Amino acid sequence: MFLTDEEKRMLDGEMGYGAQKGMELNVGLGEAMGAERMVKVDSCHLGGLSIRSAEDAGFDFYTELSDRGAKFRICTTTNLVSGDLENWSVLGLAADERERQDKLINAFDRMGALKTITCTPYLQGHLPRFGQHCSWMETSAIAFINSILGARTNREGGPAAVAAGLTGRAPEFGLHLDDNRVGSVLVHVTMKKLASLFEAGNLGYWFGKYSAQGNIVLDGIDEFINNDYMAQLCGSAATSGPTGIFHIVGITPEAPTLEVALGGKKPVLELEYGEKERQEAIDYLNIGKGDEVDWVYMGCPVLQLNDIREVVVAIEGKRVHPNVMFWITTSSSTKMLAKRAGYVEILEKAGVTVVADTCACLLPLAHLQRMGKKGIHSVVTNSTKQAHLIPGCCYMEPHYGDLDKCIEAAVTGKWR
Ligand code: F3S
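In short, a report on the structure. Everything numeric here is computed off the predicted structure, so don't read it as measured data.

Calculation notes
Residues numbered from 1 in each chain as written. Predicted model: local features only at pLDDT ≥ 70, side-chain atom pairs only at ≥ 80, totals over all residues. Heavy atoms only, no water. 1 Å grid on protein atoms, 1.4 Å probe; cavity = no way out; pocket = protein on both sides within 12 Å on 5 of 7 lines; lining within 4 Å. Points joined across faces, edges and corners; volume = space filled by probe spheres on them. Helix = DSSP H or I, 4+ residues; strand = E, 2+ residues; numbered from the N terminus. Nonpolar A, V, L, I, M, F, W, Y, C, P; charged D, E, K, R; others polar. Salt bridge = Lys/Arg side-chain N within 4 Å of Asp/Glu carboxyl O. Buried < 20%, exposed > 50% of the residue type's maximum accessible area, 1.4 Å probe, protein only. Core = buried A, V, L, I, M, F, W, Y, C linked by side-chain atoms within 4.5 Å. Contact = heavy atoms within 4.5 Å. Phe/Tyr/Trp six-rings, centres within 6.5 Å; stacked < 30°, edge-to-face > 60°. Near = heavy atom within 4 Å. Sits in = over half its atoms within 2 Å of the grid points. Pairing = 2+ DSSP bridges. Axes fitted to C-alpha atoms, helices over the stretch in contact; angles between N-to-C directions.

Some remarks on the layout of surface pockets
The space that makes up the largest pocket amounts to roughly 540 Å³. In this structure, the largest pocket is lined by 28 residues; those nearest its centre are Asn-79, Glu-138, Leu-362, Lys-385 and Leu-389. Looking at the lining of the largest pocket, the elements that each hand over two or more residues are helix H3 (51–67), helix H5 (139–148), strand S10 (295–303) and helix H15 (384–393). Residue composition of the lining of the largest pocket, grouped by class: 12 nonpolar, 11 polar and five charged.

Observations regarding the pattern of salt bridges
Applying the stated criterion across every chain, the model contains 22 salt bridges. Between Glu-64 and Arg-68 there is a salt bridge, with the nearest N and O atoms lying 3.2 Å from each other. Look at Arg-68 and you get partly exposed, because its relative accessible area is 48%. A salt bridge links Arg-110 to Asp-67; the nearest nitrogen and oxygen atoms lie 3.0 Å apart. Of the two residues, Arg-110 is situated in helix H4 (residues 95–111) and Asp-67 in helix H3; the sequence distance between them amounts to 43 residues. Residue Arg-110 is classed as partly exposed on the basis of its relative accessible area, which comes to 41%.

Looking at the nonpolar core
Judged by nonpolar contacts, the single largest core of 70 residues is most densely connected at Phe-207, Leu-218, Phe-246, Met-298, Phe-326 and Ile-328. A total of seven residues in this core trace back to one element, the largest contributor, which is helix H7 (residues 197–208). Setting aside residues up to four positions removed in sequence, Phe-207 forms contacts with Val-187, Ile-216, Leu-218, Leu-233, Ala-237 and Phe-246. Membership of the second largest hydrophobic core comes to 50 residues, among which are Val-39, Ala-161, Val-355 and Met-371.

Notes on the packing of aromatic side chains
Evaluated as defined, the whole model comprises 10 aromatic pairs. Considering the side-chain rings of Tyr-62 and Phe-108, the 4.8 Å spacing of their centres and the 50° angle between planes classify their relative orientation as tilted. With a gap of 46 residues between them, Tyr-62 in helix H3 and Phe-108 in helix H4 connect regions that are remote in the sequence. Like Phe-108, Tyr-62 is buried. Relative to Tyr-273, the ring of Trp-206 has its centre 5.5 Å away and its plane inclined at 55°; by these criteria the two rings are tilted. With a gap of 67 residues between them, Trp-206 in helix H7 and Tyr-273 in strand S9 (residues 269–273) connect regions that are remote in the sequence.

Side note on the site of the ligand
Surveying the vicinity of the ligand reveals the residues Asn-79, Leu-80, Cys-119, Glu-138, Gly-299, Cys-300, Pro-301, Cys-359, Lys-385, Gln-386 and Leu-389. In a pocket analysis with a 2 Å cut-off to the grid points, the ligand is assigned to the largest pocket. Counting only elements with at least two residues in the shell around the ligand, the list comes to S10 and H15.

Concerning unusual backbone geometry
With omega at -5°, the peptide bond leading from Cys-300 into Pro-301 counts as cis. Its place among the elements puts Pro-301 in strand S10. One non-glycine residue, Ile-117, lies in positive phi territory at about 45°. If you trace the backbone, Ile-117 turns up in the loop between H4 and strand S4 (135–136). On the basis of relative accessible area, Ile-117 is assigned to the buried category, the value being 4%. Its identity is not glycine, yet Tyr-395 carries a phi of approximately 60°, on the positive side.

A look at the sheet that holds strand S7 (residues 215–219)
Ordered in space as S8-S7-S6-S9, the four strands form an open sheet in which the pairing is parallel. Edge strands, defined here as strands with exactly one partner in the open sheet, are strand S8 (246–248) and S9. Going from strand to strand, the sheet's axes swing by 25° on average, the running direction of each strand aside. Relative to S7, strand S6 (residues 183–189) runs parallel, the two being bridged by five bridges. Across the sheet, Val-185 pairs through a bridge with Ile-216, a residue of S7.

Quick notes on the pairing of S10
The element S10 is extensively covered by neighbouring structure, given that nine of its nine residues are classed as buried. Bridging between S10 and strand S11 (residues 325–330) involves five bridges; their strand directions are parallel. Each bridged residue has a counterpart across the sheet, and for Leu-303 the counterpart in S11 is Thr-330. In this structure, S10 lies alongside strand S13 (residues 379–381), joined through three bridges in parallel fashion. Each residue of the ladder has a partner; that of Trp-295, found in S13, is Val-379.

This is the structure:
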């Protein structure tokens, strides 16, 4: 691989332990992927901060980097962790879990990462520009900045993103290159009414599974889908398949026309997304058995202020059933805004817990066991990505439905 003089100095250790370790990782990854050189990156979003996802190997790797003085060279934001930092014990999380989580957060903090603690940094101020090379983790975030903003990142794993943060470089392959961003699978969208978290999620989940065959191009969307719903669409698309980028003709920046989106070529595959396909996505995810409801869960990706307002409007004046635990998850900064707006008070009065900093899939395993002992065995969600992940993360088979169905389940304690 070609390396500039500065990159060689990093590799030789002249620019510190962190830069050396990062460049070693970059070169190893670049050689494995056939990259010819590095590209300068100046934006990084990291996962791996939660003790659940870092596990022992990640914990040791990141704390050692921090102990040895490694520093991030570029704007680096951070993902969710394994508990609500302001309400740790309120949720029933243990003190030793908190201690370990704090150690890991502090390691990233000492390296210079920003404690944003959100999986939607692109909706909270970390907003890459069109064409900017980045190194980002997190499903919705990757698909959003590539597709909606036209920035450039691969679907990074923890070590690769950390390496980019420590060096300001990433190996040039994949979605950093023009040719790999062009669409080749055309989806004619005939289903209208996509403007809700649930419907955007269904569409993303359905087309995501075809993304292994090429980048998706959606044609026929003329409805305004706000950025919160786009986040849901992106997260779902990147969950059912390897979506890193997709295009929406006439809407996303690399798809002003169908011809441009397809790079002037014929699609390799043409599909249609209508009512039948929508129902397919719902039926695939809605696998809960029985009608008992123990837990209603919303917020994956984390809810934004407008999403929280939608829950408020749907539940105001109602009361969550005494046997049901109802969580919505968000970032601490959005929770602060929701408090100011009076939404948190309304939700709490109705029996909803507004959880910040974490999500169902990042809770420590021991905590899930504790929840099981408290009788939490069945879950209801309107989040597409979470419905996909819950069987593997929380060992429950979810009921999956729209906001109104979830609210009804929360209030009655029954799934109908
Ligand atoms: Fe975010 Fe957790 Fe979902 S990190 S995208 S809320 S699985």
